[in-house]
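Listed here are the chains, written in short residue letters.
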Amino acid sequence: MRLDRFLCESTGLTRSVAKKALHRGDVTVDGIVVKKSDLQINDQEVRLEGRLLSAPSARYLLLHKPAGYISATQDENYPCVLRLLPPELCRGLQCAGRLDVDTTGLLLLTDDGQWSHRLRSPKKACNKVYQVDLSEPLASDVSQRFAEGVMLHGEDKATLPATLETITPTRVLLTIQEGKYHQVKRMFAAVGNHVESLHRLQIGDIRLDDNLEPGQWRHLTEEEIASI
Ligand code: URA
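Residues numbered from 1 in each chain as written. Predicted model: local features only at pLDDT ≥ 70, side-chain atom pairs only at ≥ 80, totals over all residues. Heavy atoms only, no water.

> Quick rundown of the site of the ligand? Include the residues and the values.
Close contacts around the ligand come from Leu99, Asp100, Thr103, Tyr130, His182, Gln183, Val184, Lys185 and Leu198, and that covers them all. Between Gln183 and the ligand, the recorded distance is 3.5 Å, taken from a backbone N or O atom to an oxygen atom. Lys185 places a main-chain nitrogen or oxygen 3.1 Å from an oxygen atom of the ligand. Considering the ligand on its own, with 240 Å² of exposed area, one finds that the protein chains cover 95% of that surface. No fewer than three residues from each of domain 2 (57-125 + 214-228) and domain 3 (127-203) sit in the shell around the ligand. (Near = heavy atom within 4 Å. Polar contact = N/O pair within 3.5 Å; in protein donor to acceptor, adjacent residues only side chain to side chain. Areas by Shrake-Rupley, 256 points an atom, 1.4 Å probe, with all protein chains shown as cover. Domains from an automatic or database assignment.)

> Which residues make up helix H1 (residues 3-11), and what values go with them?
Within H1 the residues assigned to the buried category are Leu3, Asp4, Arg5, Phe6, Leu7 and Cys8. One or two positions beyond H1, positive phi appears at Gly12, with a value near 85°. (Buried < 20%, exposed > 50% of the residue type's maximum accessible area, 1.4 Å probe, protein only. Helix = DSSP H or I, 4+ residues; strand = E, 2+ residues; numbered from the N terminus.)

> Explain the environment of Arg47 to me, and be specific about the residues and the numbers.
Mapped onto the elements of the fold, Arg47 is located in strand E3 (residues 46-48). A residue is classified by how much of its surface remains accessible, and Arg47, at 27% relative accessible area, is partly exposed. Those residues in contact with Arg47, other than ones at most four positions away along the chain, are Asp26, Val27, Thr28 and Leu52. A polar atom in the side chain of Arg47 sits 3.0 Å from the side chain of Glu45. (Contact = heavy atoms within 4.5 Å.)

> Hey, could you go over helix H6 (residues 183-190) for me, with residue numbers and the actual values?
Taken together, the buried positions of H6 are occupied by Gln183, Val184, Met187 and Phe188. Down the axis, H6 shows its buried residues gathered within 130° of arc, on one side only. In the stretch just after H6, Gly192 is the one whose phi turns positive, near 80°. (Arc of directions from axis to C-beta.)

What follows is the structure in structure tokens.
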């Protein structure tokens, strides 16, 4: 990692403040004053005004995704969710599991590829809970059909067992273990219904906070990070 990025990420300083500190000679690398912002830092000792800096740690963020944003780092048609985060946090961040552009709710982002992989791994079977609004009242056999698994169009294996909780005839909570493309919409299409709106509430033990408005975010807690 470049020295200027190391400084920003280990202290929270902005790029321009970090550069000024470098120009002033406030930064030492292995005891030597360094002013070159592009010096590569691996495991050297970096100090700012004599204070030893710890290597920046991985970032884990929880975003309340609003509708109209895409869970990708760039797109030609829609604004990306990264626009909702402070630019200094965005470098290297990836969405850990996507939501469709019209889906709202819990989205996790991290620069820790292994953590993201664990979260998405079928072996880990992280449950995802969605609140689903349907165009038609739920038919009485759907809960049983989802528990047994349904065949989705274009797939050769049935979905893994999923559970349904009815809130009203057209609003349900669905818990699934997988994350196939458009899975929830395709599951309801497979039983002759249609998803009007979709909102993710939970992944594993990580829940969307009630006090986070659409577009707001927070860091994950140590406990939440360790839960994946
Ligand atoms: N299933 C869907 O169909 N869409 C999502 O955004 C998430 C799960």
